[in-house]
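Summary of the model geometry
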Amino acid sequence: MSIRLALLGPPGVGKGTYSSILSKELRIPHLSTGELLRREISMKTELGREVESYVSRGLLVPDKIVNDIVAKRLCASDCANGFILDGYPRTLPQAVFLEEHFPLDKVVLLQASLETIIERICGRLYCPNCGETYHVSWKPPKRDNICDKCGAKLTRRTDDSPEVIKRRYEEYLATVSPVVDFYKKLGKLVPFRAEGDSQILAYSLLRELSSSRTEILVEK
Ligand code: AMP
């Protein structure tokens, strides 16, 4: 059985939480392009330095760079039975590239108001060592500012400042419409209202996806 999913939605809508729950329940890997890029940055590779100049300003990394990183990752053996993409595709050229090389079964569009998004992003904490994410209200670490998983000191993402959030949100709105239309025309789009507790809503989404299981579970 194979399931290939992507989650679309504005920054801070909860894509990471939904993806990790779906990943656990469907037993397929969760691939976040933001995370892949941040890892590249923290390894201080040449590519990492190039990527950082975009990420730190809240700008999209050029399609060619992201497509290459994603394609390389999707060729790994753990993706043979499917995957969940989080934060990709974000532009039409990325969607076209993906459809050509790794066609998706369903694309979930997570929707929430700007107020909800700002509230979520402002409380977000990130572990620079293992990548685990927290939220001061909804998912606080057991010890203040310390990662439950690896004990490293938590930090805020440099691109989570109010000015950068606004830029990222505007960039999202400007680029997402053609991607949404593209998947709508292919009959793959699943719009989902993501206002509320992501931990609970993720299971509603799972049920919704399972109700069209014969469509998304493709014998390959
Ligand atoms: P995220 O963790 O998904 O919010 O992504 C953080 C940052 O990584 C974004 O603001 C972009 O700078 C970059 N990024 C992540 N995914 C993509 C993508 N699909 N295309 C271009 N840039 C991306």
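Here, every reference points to the structure presented above.
If you're wondering where the values come from, they're calculated on a predicted model, not measured in any experiment. (Residues numbered from 1 in each chain as written. Predicted model: local features only at pLDDT ≥ 70, side-chain atom pairs only at ≥ 80, totals over all residues. Heavy atoms only, no water.)

Let's talk about the overall build of the protein
Looking only at helices and strands, one finds nine helices and seven strands in the protein. Relative to the compact-globule value of 17 Å for 220 residues, the protein shows a C-alpha radius of gyration of 17 Å, a close match. A total of 220 residues make up the protein; the buried ones form 49% of that total. Pairs at least 24 residues apart make up 70% of the contacts formed inside the protein by residues separated by at least 6 positions. With the model as given, the accessible surface of the protein reaches about 11400 Å², and the carbon-plus-sulfur share is 54%. Taking the 33 positively charged and 29 negatively charged side chains of the protein as two groups, their mean positions are separated by 3 Å. (Helix = DSSP H or I, 4+ residues; strand = E, 2+ residues; numbered from the N terminus. Rg over C-alpha atoms; globule rule 2.2 N^0.38 Å. Buried < 20%, exposed > 50% of the residue type's maximum accessible area, 1.4 Å probe, protein only. Contact = heavy atoms within 4.5 Å. Areas by Shrake-Rupley, 256 points an atom, 1.4 Å probe, with all protein chains shown as cover. Lys, Arg positive; Asp, Glu negative; His and termini not counted. Charge placed at Lys NZ, Arg CZ, Asp CG, Glu CD.)

A short note on the environment of Leu 206
Tracing the sequence through the fold places Leu 206 in helix α8 (residues 198–211). Once the C-alpha coordinates of Leu 206 and Val 164 are considered, the two residues, 42 residues apart in sequence, prove to be 32 Å apart. Look past the residues within four positions of Leu 206 in its chain and what remains in contact with it is Leu 22, Glu 25 and Leu 26.

As for empty space enclosed by the protein
The final tally for this structure, using the stated rule, is one cavity of 30 Å³ or more. Looking at the largest cavity, its volume works out to about 60 Å³. Along the walls of the largest cavity sit Leu 7, Leu 8, Gly 9, Lys 15, Gly 87, Tyr 88, Pro 89, Arg 90, Tyr 172 and Val 176, which together make up its complete lining. When residues of the lining of the largest cavity are traced back to their parent elements, those giving at least two are β1 (3–8) and α7 (162–185). Its residues assigned to classes, the lining of the largest cavity comprises six nonpolar, two polar and two charged. (1 Å grid on protein atoms, 1.4 Å probe; cavity = no way out; pocket = protein on both sides within 12 Å on 5 of 7 lines; lining within 4 Å. Points joined across faces, edges and corners; volume = space filled by probe spheres on them. Nonpolar A, V, L, I, M, F, W, Y, C, P; charged D, E, K, R; others polar.)

Observations concerning the sheet that holds strand β4 (residues 106–111)
Sheet strands pair via backbone hydrogen bonds, and the direction of the pair is either parallel or antiparallel. Across the sheet, which stays open at both edges, the five strands sit in the order β2-β3-β1-β4-β7 with parallel pairing between neighbours. With partners counted over all chains shown, the strands left at the sheet margins are β2 (30–32) and β7 (189–193), one partner each. Across this sheet, the average inter-strand angle for adjacent strands is 20 degrees, counted without regard to direction. With five bridges joining them, β4 and β7 adopt parallel strand pairing. What sits directly across from Val 107, in β7, is Leu 189. Seen against the sheet, helix α2 (residues 33–42) touches β2 and β3 (82–86) and runs at an angle of roughly 60 degrees to β2. Along the sheet, α8 contacts β1, β4 and β7; its crossing angle with β7, the most-contacted strand, is approximately 150 degrees. (Pairing = 2+ DSSP bridges. Axes fitted to C-alpha atoms, helices over the stretch in contact; angles between N-to-C directions.)

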